[in-house]
Amino acid sequence: LGLLLGVGEASAGKSATAEHQWLLVTLGTWAGALVLIASARRSSSPSARASLIGGASGVLFGLQDAMTRYCMHALTHHGFHSLLLDWKPAVATVTGIYGIALMQSAYKAGPLTAGLPTISVGEPVAGMLIGIFALDEHLNASNASITFEVLGGLIMVVGTWTLARSRLVCGSQHPSRLQQLESQLEARLKPVADRAKDRAKDARVPARAQLRYSAVQ
């Protein structure tokens, strides 16, 4: 993210924009989040559900960041009373609360390794897109800058995904740790299974002998 913003030299843009632009950004962001949630409900894979719900949470957090910036600008330049007559602080609050609820749902829907990366990546990406399309922020558009911006974005996505799946985050839920626990459990249960098989064989032997004795009689 530092490489992307440092090389891109993002302009400060503006904190306030036209009402219809805020309305379009809000409706578009919420529509995208709801599409991700609907896709998660249709998915049968816990990992896919966690990723999709986490992505919806990250998108809403990006919208909340942009609206929080607007609210701080309005508070500084127009006073607290200006926020009382505006709809955006209420929407920012509802968006933040619902984003937190979705984040918790993502952690419950599937493994942490699936939900956390999309939450971590979704917020800055959504916030950057809102800044570019609604708040007149601009990135350096030279060929060299675009190359490093794309490289920074890829590093951010891959790095976040890798760290989210590491032992430091997953702990006992890391795939290698789960495989180790599975192997230990199989090693402990193997003697029990072997004894059960031996007892089953011993129980079948008298039954066969009794059938042969009855047949002889």
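Residues numbered from 1 in each chain as written. Predicted model: local features only at pLDDT ≥ 70, side-chain atom pairs only at ≥ 80, totals over all residues. Heavy atoms only, no water.

Engineer: Let's hear about the overall build of the protein: which residues, and what values?
Structural biologist: When helices and strands are tallied, the protein shows nine helices and zero strands. In the protein, the order of α-helices and β-strands from amino to carboxyl end is α-α-α-α-α-α-α-α-α. The buried share among the 217 residues of the protein stands at 31%. When contacts within the protein are restricted to residue pairs at least 6 apart in sequence, those whose partners lie at least 24 apart make up 78%. (Helix = DSSP H or I, 4+ residues; strand = E, 2+ residues; numbered from the N terminus. Buried < 20%, exposed > 50% of the residue type's maximum accessible area, 1.4 Å probe, protein only. Contact = heavy atoms within 4.5 Å.)

Engineer: How would you sum up the packing of aromatic side chains? Please name residues and give values.
Structural biologist: A complete count under the given rule lists two aromatic pairs for this structure. Between the aromatic rings of Trp30 and Tyr98, the centroid separation amounts to 5.5 Å while the plane-to-plane angle is 15°, which identifies the pairing as stacked. Placement of Trp30 in helix H2 (residues 19–42) and of Tyr98 in helix H5 (residues 88–109) is noted, with a sequence separation of 68 residues between them. (Phe/Tyr/Trp six-rings, centres within 6.5 Å; stacked < 30°, edge-to-face > 60°.)

Engineer: Requested: an account of H5, with residues and values cited.
Structural biologist: Its 22 residues give H5 an end-to-end C-alpha distance of 30 Å, which sits within 8% of 32 Å, the value for a rise of 1.5 Å per residue. Restricting attention to buried positions, one finds in H5 the residues Lys88, Pro89, Ala92, Thr95, Gly96, Gly99, Leu102, Met103 and Ala106. All buried residues of H5 fall inside an arc of 145° around its axis, so they share one side. Exposed residues pointing more than 90 degrees away from the buried face of H5 are listed as Ile97 and Lys108. For H5, the secondary structure elements touched by its buried residues are H2, helix H3 (46–78), helix H4 (81–84) and helix H6 (112–134). (Expected span 1.5 Å × (residues − 1). Arc of directions from axis to C-beta.)

Engineer: Before we move on, could you go through the side chain of Thr26 and cite the residues and values that matter?
Structural biologist: Examined against the element boundaries, Thr26 turns out to sit in helix H2. Apart from residues lying up to four places away in sequence, Thr26 is in contact with Leu63, Met67, Trp87 and Val91.

Engineer: So what's going on with the nonpolar core? Which residues, and what values?
Structural biologist: Within the largest apolar cluster, 25 residues are counted, with the highest numbers of intra-cluster contacts made by Trp22, Leu63, Leu102 and Ile130. Of all the secondary structure elements, the ones that give two or more residues to this core are H2, H3, H5 and H6. By residue number, the principal contributor to this core is H3, which donates 10 residues. (Core = buried A, V, L, I, M, F, W, Y, C linked by side-chain atoms within 4.5 Å.)

Engineer: Go over the layout of surface pockets with me, naming the residues and quoting the values.
Structural biologist: By volume, the second largest pocket is sized at about 170 Å³. Residue lining of the second largest pocket: Leu24, Val25, Gly28, Thr29, Gly32, Leu36, Val59, Ala126, Leu129, Ile130, Phe133 and Ala134, and that is the complete set. Secondary-structure elements contributing two or more residues to the lining of the second largest pocket are H2 and H6. The leading source of residues in the lining of the second largest pocket is H2, at six residues. Tallied by class, the residues present in the lining of the second largest pocket amount to nine nonpolar, three polar and no charged. (1 Å grid on protein atoms, 1.4 Å probe; cavity = no way out; pocket = protein on both sides within 12 Å on 5 of 7 lines; lining within 4 Å. Points joined across faces, edges and corners; volume = space filled by probe spheres on them. Nonpolar A, V, L, I, M, F, W, Y, C, P; charged D, E, K, R; others polar.)

Engineer: A description of H3 should follow, citing residues and the corresponding values.
Structural biologist: In this model, H3 (33 residues) spans 47 Å end to end at C-alpha, consistent with the 48 Å of a helix rising 1.5 Å per residue. Of the residues one or two after H3, Gly79 is the one with positive phi, at around 90°.

Engineer: Before we move on, could you go through the side chain of Ser51 and cite the residues and values that matter?
Structural biologist: Within the secondary structure, Ser51 is located in helix H3. On the basis of relative accessible area, Ser51 is assigned to the buried category, the value being 19%. Among residues more than four places away in sequence, those in contact with Ser51 are Ala114, Gly115 and Thr118.

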